[in-house]
Amino acid sequence: MTKAVGAMERRPLVVGVDGSEPGLLAVDWAADEAVRHGLALRIVHASLWERYEADAFQDALGGDPEPVTEHDLAEAILAQAAERARRRASMLEISTDLVPQDAASALLREAAGATAVVTGSRGRGPIRELLLGSVGLSLAARATCPVVVVRGSLRNQDVANGRVVLGVGGPATGPAAARFALREAAVRHSVLEVVRVWHRPAHRAAGHPLLRGEPAHHLEEEASALVDETLRAVGDLPDGLSRPDVRRLVTDGSTRQVLLARSAAADLLVVGAHRRHGHLGPQLGVVGHTLLHHADCPVAVVPHQDQK
């Protein structure tokens, strides 16, 4: 994989690991992403994360018949993840850290000094059947940097589709989310599809002045103008990156259904989260929750900070 000319901020890319297969797939995705942006990769395991079955790591510890200790288990998880990342990208700068905290707290702390935080899509142990682990959901809702939840098929986790999708949804989609999506499409040499879904508000009567004549045309124009405004607010991309090919999809319907459908042919789906002063974290909303649980590709949640 060729290192990108343009790079995001030089803060490391952080990936949280727990020894599960979804966590290892997150390592694969994060290693590729770090190479694309010329970033170091920091692999973090929280030692208070629910313990994975020790038998899965007996081989990693040399087949020692003695029961593994919790420390041995944590070290094996980190070593396995680091080795996997090195095999994926041999020239990648990799560091590991064992943090004596619960996973959500550890990764939220890491987020303060990270370009982005990456996590797998499922929980483990008694809750591993859940569609999205509590750690990933907590990060997406509260982190101050972009959070990527790696999900979907292996094809959708790669660049096989050549498409990044940005969902534009009012004030939550600030310049940060649009800039993130444009940069991702640029370093991947992919198309950026900008999607804005509109619908007729239920409280507007058919005789409303704005809806007489061609109401659909009026609402579609509003939606199209919002797409233009969002892209215009980004300005130039850093480090000489050229803007990718941008395609617009402005359509009526359900935002959740449209974005879920578009995720099937995407390598990454980017949405914004609105962070308001005085609140504990970004407000994901029902669309964000739905995409994190059901999208067919990795989902990036990018916080937008209100201006004072």
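Just so you know, these numbers come straight off a predicted model, no measurement behind them.

Caption draft 1: The arrangement of the packing of helix α3 (residues 103–111) against helix α4 (residues 134–142) in detail. The interhelical angle for the contact between α3 and α4, taken along N-to-C directions, is 35°, at an axis separation of 9 Å. Our pair here, α3 against α4, has a crossing hand that is right-handed. Residues Ala103, Ala104, Leu107 and Leu108 of α3 lie in contact with α4, whose contacting residues are Val135, Ser138, Leu139 and Arg142.

Caption draft 2: The pattern of salt bridges, seen in detail. One pass over the structure, following the stated rule, counts 13 salt bridges. For Arg88, the salt bridge is made with Asp32, and the minimal N-O distance between the two is 2.7 Å. Of the two residues, Arg88 sits in helix α2 (residues 70–88) while Asp32 sits in helix α1 (residues 21–37), which places them 56 residues apart along the sequence. The class for Asp32 is buried, based on a relative accessible area of 7%. Residues Arg247 and Asp245 are paired through a salt bridge, measuring 3.3 Å at the closest nitrogen-oxygen approach. Accessibility expressed as a relative area gives 41% for Asp245, which makes it partly exposed. Beyond isolated ion pairs, a larger network of salt bridges with shared partners links Glu33, Arg36, Glu184 and Arg188.

Caption draft 3: Local environment of a negative patch on the surface. Residues Glu220, Glu221, Glu222 and Asp252 make up a contiguous surface patch of negative charge. At three residues, the largest contribution of residues to the negative patch is made by helix α7 (residues 215–232). By the secondary structure assignment, Asp252 is in strand β8 (residues 246–252). Given the relative accessible area of 46%, Asp252 is considered partly exposed.

Caption draft 4: Structural detail: α3. Among the nine residues of α3, seven are classified as buried, and the element is accordingly described as predominantly covered. Within α3 the residues assigned to the buried category are Ala103, Ala104, Ala106, Leu107, Leu108, Glu110 and Ala111. Residues of α3 that are buried make contact with β1 (13–16), β2 (41–46), β3 (94–99), β4 (116–119) and α4.

Caption draft 5: Spatial organisation of helix α8 (residues 255–263). Regarding α8, the residues found buried are Val258, Leu259 and Ser263. Buried residues of α8, seen end-on, are gathered within an arc of 135° and therefore sit on one face of the element. Among the exposed residues of α8, those pointing more than 90 degrees away from its buried face are Gln257 and Ala261.

Caption draft 6: Here's a closer look at the packing of α8 against helix α9 (residues 285–294). It is at 10 Å that the axes of α8 and α9 come closest, and there the two elements cross at 30°. Accordingly, the angle class assigned to the pair α8 and α9 is roughly parallel. With respect to the hand of their crossing, α8 and α9 are arranged in right-handed fashion. Within the contact between the two elements, α8 uses Thr255, Arg256, Leu259 and Leu260 and α9 uses Val286, Val287, Thr290, Leu291 and His294. Its residues placed into classes, the contact of α8 with α9 shows five nonpolar, three polar and one charged.

Caption draft 7: Region of the structure containing unusual backbone geometry. Positive phi, normally seen in glycine, also occurs at His189, with a value near 55°. By secondary structure assignment, the location of His189 is in the loop between α6 (175–188) and β7 (191–198). Classification of His189 by relative accessible area gives exposed; the value is 76%.

Caption draft 8: Seen up close, the nonpolar core. Counting residues in hydrophobic clusters, the biggest one holds 52 residues, and the most contacted among them are Leu41, Ile43, Val118, Leu166 and Val270. When residues of this core are assigned to their parent elements, the largest contribution, eight residues, is made by α6. Those residues in contact with Leu41, other than ones at most four positions away along the chain, are Leu13, Val15, Ala30, Ala31, Ala34, Ala85, Leu92, Glu93, Ile94 and Ser95. Counting 34 residues, the second largest nonpolar core, distinct from the first, contains Ala103, Leu108, Ala111 and Ala114.

Conventions adopted
Residues numbered from 1 in each chain as written. Predicted model: local features only at pLDDT ≥ 70, side-chain atom pairs only at ≥ 80, totals over all residues. Heavy atoms only, no water. Axes fitted to C-alpha atoms, helices over the stretch in contact; angles between N-to-C directions. Helix = DSSP H or I, 4+ residues; strand = E, 2+ residues; numbered from the N terminus. Left-handed = near helix turned anticlockwise from the far one by under 90°. Contact = heavy atoms within 4.5 Å. Salt bridge = Lys/Arg side-chain N within 4 Å of Asp/Glu carboxyl O. Buried < 20%, exposed > 50% of the residue type's maximum accessible area, 1.4 Å probe, protein only. Patch = residues over 30% accessible without salt bridge, like charges linked within 9 Å, V, L, I, M, F, W, Y side chains within 5 Å. Areas by Shrake-Rupley, 256 points an atom, 1.4 Å probe, with all protein chains shown as cover. Lys, Arg positive; Asp, Glu negative; His and termini not counted. Charge placed at Lys NZ, Arg CZ, Asp CG, Glu CD. Arc of directions from axis to C-beta. Parallel < 35°, antiparallel > 145°, perpendicular 65-115°, else oblique. Nonpolar A, V, L, I, M, F, W, Y, C, P; charged D, E, K, R; others polar. Core = buried A, V, L, I, M, F, W, Y, C linked by side-chain atoms within 4.5 Å.

Note that every value here comes from positions in space, so none of it alone points to a role or purpose.
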